[in-house]
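Spelled out, the chains give:
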Amino acid sequence: MSDVLDRFLRYCAVPSQSNPLTADDVPSTASQLDMANVVARDLRELGAQDVTVTPSAYVTAHWPASAGAEGMPALGLCCHLDTAWQTYGDPVRPQVRRYEGGTLAIGRGRDGREVSISPDTNPQLEHMVGWDLVTSDGTSLLGGDDKAGIAMVVSLLARLRKDPALPHPRLAVAFVPDEEVGHGAALLDLREFGAGFGYTIDGGPLGEFCYETFNAAEAKVRASGTSVHTGTAKGVMVNASEAIMRFHAMIPAQERPEYTEGHEGFYYLERMEGNCEEARADYIIRDHDQAKVESRKDVMRRAVDLVNQTYGGRREVLTIQIEDQYHNLADVVTRPEHRHLIENARTAYAKAGQEMRCVPMRGGTDGSQLSFRGFACANLSACYYNAHGVREFVPVPELEAMVDVLQELAALYARPQAGTR
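Only a predicted model underlies this, so the values are computations on that prediction, with no experimental measurement involved.

Caption draft 1: Structural detail: the overall build of the chain. Scanning the chain from N- to C-terminus turns up 10 helices and 17 strands. Its C-alpha atoms give the chain principal-axis dimensions of about 80 × 50 × 40 Å. The buried share of the chain, taken over its 421 residues, is 53%. Sequence-distant contacts in the chain: of pairs separated by 6 or more residues, those separated by 24 or more amount to 78%. With the model as given, the accessible surface of the chain reaches about 18000 Å², and the carbon-plus-sulfur share is 47%. Averaging the locations of the 41 positively and 58 negatively charged side chains of the chain gives two centres separated by 1 Å.

What follows is the structure, encoded as structure tokens:
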């Protein structure tokens, strides 16, 4: 078993889901601190410098430059510790399965039904015949998003320890909590981190590269109703749940995630609950164009006004609160002084025998926040497929190849870059 595969299996077995309902606390779940301590222990065993775990579950460390590269700017690498909250994530039982073609049954779900992957839903499997794949046992997600990235970065450091002659600048590594609930690297101390640019390792299949993300906002709609006995409700009752439903009906149905792709933005109803007296609905707004995000915000505000008008202006039944979450990192990464992030990634993939494919991410990464805080940050492959679900898998050859890519990338930054200092 390769070093990176061994680490990946160990990391996946540590539950560390985040929780949007407790996201006011950082970390939102205690298990993320457990995961932080596991990673920090591995870093210390390798001999990383300045290994720190904060009470908020941020892990940071440094790795010294190779001989001759001490004067080069530090290269930052960042991954997130948490896994998605949308499905089961505890316990996680990772397994390595040989793919021989056709449909691969990985286990049974918690409802007893068979869970499988096939070329019908993942055509990429056609070129993976004979490969080992890492999956869960079907009862939970795997956690490749982003524990594959963590395993790759730590395995890179293990490789540099084994062969100190491999060229690389000083490396600054960070492993952060709560990316899946929109918090991510918000509390990362960039001065202590000590790097002005770098990469997240949090993308999909090998060869993918992202310097373009959504602009993001969240909208919280709240309804306040009047509950009375249904027998005497006429002219008195105001049903809060009905008000939320009226609002939702005004949001363009064709602009939901299940009907959009590429650069098309959307509105997404994350959750809703309520009764006659009170109800709530939480939405996210996404678009690569910030002007379109602002337009979507206006659509939602007007919908609130229209619903309130249907109640005759007796009182404000609906309220809405909208807050920005992150912005398109392309606004930073495509600046001339940061173009090296794109070109060096392309070269590193090529040196490892892979063609880079630039994809507009239909989401965000920690780099979306970091880039606007002064740490220019693009996104590399973590080689997971079917993220956020029980059919998630990571091909072992891609997992291993990505460590080669990181080694090549570090070597490129062991020499001067245009625009860096």
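Caption draft 2: Fine view of the nonpolar core. Judged by nonpolar contacts, the single largest core of 72 residues is most densely connected at Leu-43, Met-152, Phe-175, Tyr-199 and Leu-380. Top element by residues in this core is helix H3 (residues 144-162). It accounts for 10 residues.

Caption draft 3: Spotlight on the packing of aromatic side chains. One pass over the structure, following the stated rule, counts 7 aromatic pairs. When the centroid spacing of 5.4 Å and the interplanar angle of 85 degrees are considered together, the rings of Phe-214 and Phe-266 count as edge-to-face. In this pair, Phe-214 is assigned in the loop between strand E10 (208-210) and strand E11 (215-224) and Phe-266 in strand E12 (residues 266-274), connecting sequence segments 52 residues apart. Judged by relative accessible area, which is 0%, Phe-214 ranks as buried. Taking the centre distance of 5.6 Å and the plane angle of 75 degrees together, the rings of Phe-247 and Tyr-283 count as edge-to-face. With Phe-247 in helix H5 (residues 240-249) and Tyr-283 in strand E13 (residues 278-287), this residue pair connects regions lying 36 residues apart in the sequence. Take Phe-247 and Tyr-283: they sit in the same class, and that class is buried.

Caption draft 4: Seen up close, the sheet that holds strand E4 (residues 95-98). In spatial order, the strands read E4-E7-E17; together these 3 strands make up an open sheet with antiparallel pairing. Each end of this open sheet is capped by a strand with a single partner; those strands are E4 and strand E17 (393-395). Direction aside, the axes of adjacent strands within the sheet are offset by 30 degrees on average. Pairing of E4 with strand E7 (residues 132-135), which is carried by 4 bridges, proceeds in the antiparallel orientation. Looking at the pairing, Arg-98 lines up with Asp-132 of E7. Of the strands in this sheet, E4, E7 and E17 are in contact with helix H1 (residues 3-12), which crosses E7 at around 20 degrees.

Caption draft 5: The pattern of salt bridges, seen in detail. Taken as a whole and assessed by the stated rule, the structure comprises 20 salt bridges. Across the salt bridge formed by Asp-42 and Arg-10, the nearest N and O atoms sit 2.8 Å from each other. Of this pair, Asp-42 sits in helix H2 (residues 31-46) while Arg-10 is found in helix H1, placing the two residues 32 residues apart along the sequence. Under the relative-accessibility criterion, Arg-10 is labelled partly exposed at 32%. Of the charged contacts in the structure, one is a salt bridge between Asp-50 and Arg-170, with a shortest N-O distance of 3.7 Å.

Caption draft 6: How the structure looks around the environment of Ala-414. Turning to its location among the elements, Ala-414 is positioned in the segment after helix H10 (396-412). Distance in space between the C-alpha atoms of Ala-414 and Ala-74 is 9.2 Å, their sequence separation being 340 residues. Sequence-distant contacts of Ala-414, that is, excluding residues within four places in its chain, are made with Ala-69, Met-72, Pro-167, His-168 and Pro-169.

Caption draft 7: Representation of H3 in the model. Taking 1.5 Å per residue, 19 residues should reach 27 Å; H3 reaches 25 Å between its end C-alpha atoms and fits that length. In terms of burial, H3 is largely enclosed, as 16 of its 19 residues are buried.

Caption draft 8: Representation of unusual backbone geometry within the structure. A cis amide bond links Val-26 to the next residue, Pro-27, at an omega of 0 degrees. Omega for the peptide link from Asp-145 to Asp-146 comes to 20 degrees, which places this bond in the cis form. Assignment of secondary structure puts Asp-146 in helix H3. At Cys-383, a residue that is not glycine, the phi angle is positive and equals roughly 70 degrees. Assignment of secondary structure puts Cys-383 in the loop between strand E16 (376-381) and E17. Of note, the phi angle at Asn-386 is positive, near 60 degrees, even though the residue is not glycine. Relative to the helices and strands, Asn-386 resides in the loop between E16 and E17. The exposure class of Asn-386 is partly exposed, given its relative accessible area of 28%.

Caption draft 9: Highlighting the pairing of strand E8 (residues 171-176). Among the 6 residues of E8, 6 are classified as buried, and the element is accordingly described as predominantly covered. Residue alternation in E8 divides its side chains into two sets, Leu-171, Val-173 and Phe-175 and Ala-172, Ala-174 and Val-176, and both sets are buried. Where strand E2 (residues 59-63) and E8 come together, 5 bridges link them in antiparallel fashion. Paired with Trp-63 across the bridge in E8 is Leu-171.

Caption draft 10: Region of the structure containing the sheet that holds strand E15 (residues 357-358). Sheet architecture is open: 8 strands sit in the order E1-E2-E8-E3-E9-E16-E10-E15, paired in mixed fashion. Both edges of this open sheet fall to strand E1 (49-53) and E15, since each of them pairs with a single strand only. Sheet strands touched by H2: E1, E2 and E8. Its angle to E1, the strand with the most contacts, is close to 165 degrees. Contacts from H3 reach E2, strand E3 (75-80), E8, strand E9 (197-203) and E16 within the one sheet, and its direction differs from that of E3 by about 140 degrees.

Caption draft 11: Layout of the side chain of Ser-16. In this structure, Ser-16 sits in the loop between H1 and H2. For Ser-16, a relative accessible area of 0% translates into the label buried. Engagement of the side chain of Ser-16 in a polar contact is seen with the side chain of Lys-147, the distance being 3.0 Å. Leave out the neighbours within four places in its chain, and Ser-16 touches Ser-31, Gln-32, Met-35, Leu-81, Asp-82, Thr-83 and Lys-147.

Definitions and limits used
Residues numbered from 1 in each chain as written. Predicted model: local features only at pLDDT ≥ 70, side-chain atom pairs only at ≥ 80, totals over all residues. Heavy atoms only, no water. Helix = DSSP H or I, 4+ residues; strand = E, 2+ residues; numbered from the N terminus. Buried < 20%, exposed > 50% of the residue type's maximum accessible area, 1.4 Å probe, protein only. Contact = heavy atoms within 4.5 Å. Areas by Shrake-Rupley, 256 points an atom, 1.4 Å probe, with all protein chains shown as cover. Lys, Arg positive; Asp, Glu negative; His and termini not counted. Charge placed at Lys NZ, Arg CZ, Asp CG, Glu CD. Core = buried A, V, L, I, M, F, W, Y, C linked by side-chain atoms within 4.5 Å. Phe/Tyr/Trp six-rings, centres within 6.5 Å; stacked < 30°, edge-to-face > 60°. Pairing = 2+ DSSP bridges. Axes fitted to C-alpha atoms, helices over the stretch in contact; angles between N-to-C directions. Salt bridge = Lys/Arg side-chain N within 4 Å of Asp/Glu carboxyl O. Expected span 1.5 Å × (residues − 1). Polar contact = N/O pair within 3.5 Å; in protein donor to acceptor, adjacent residues only side chain to side chain.

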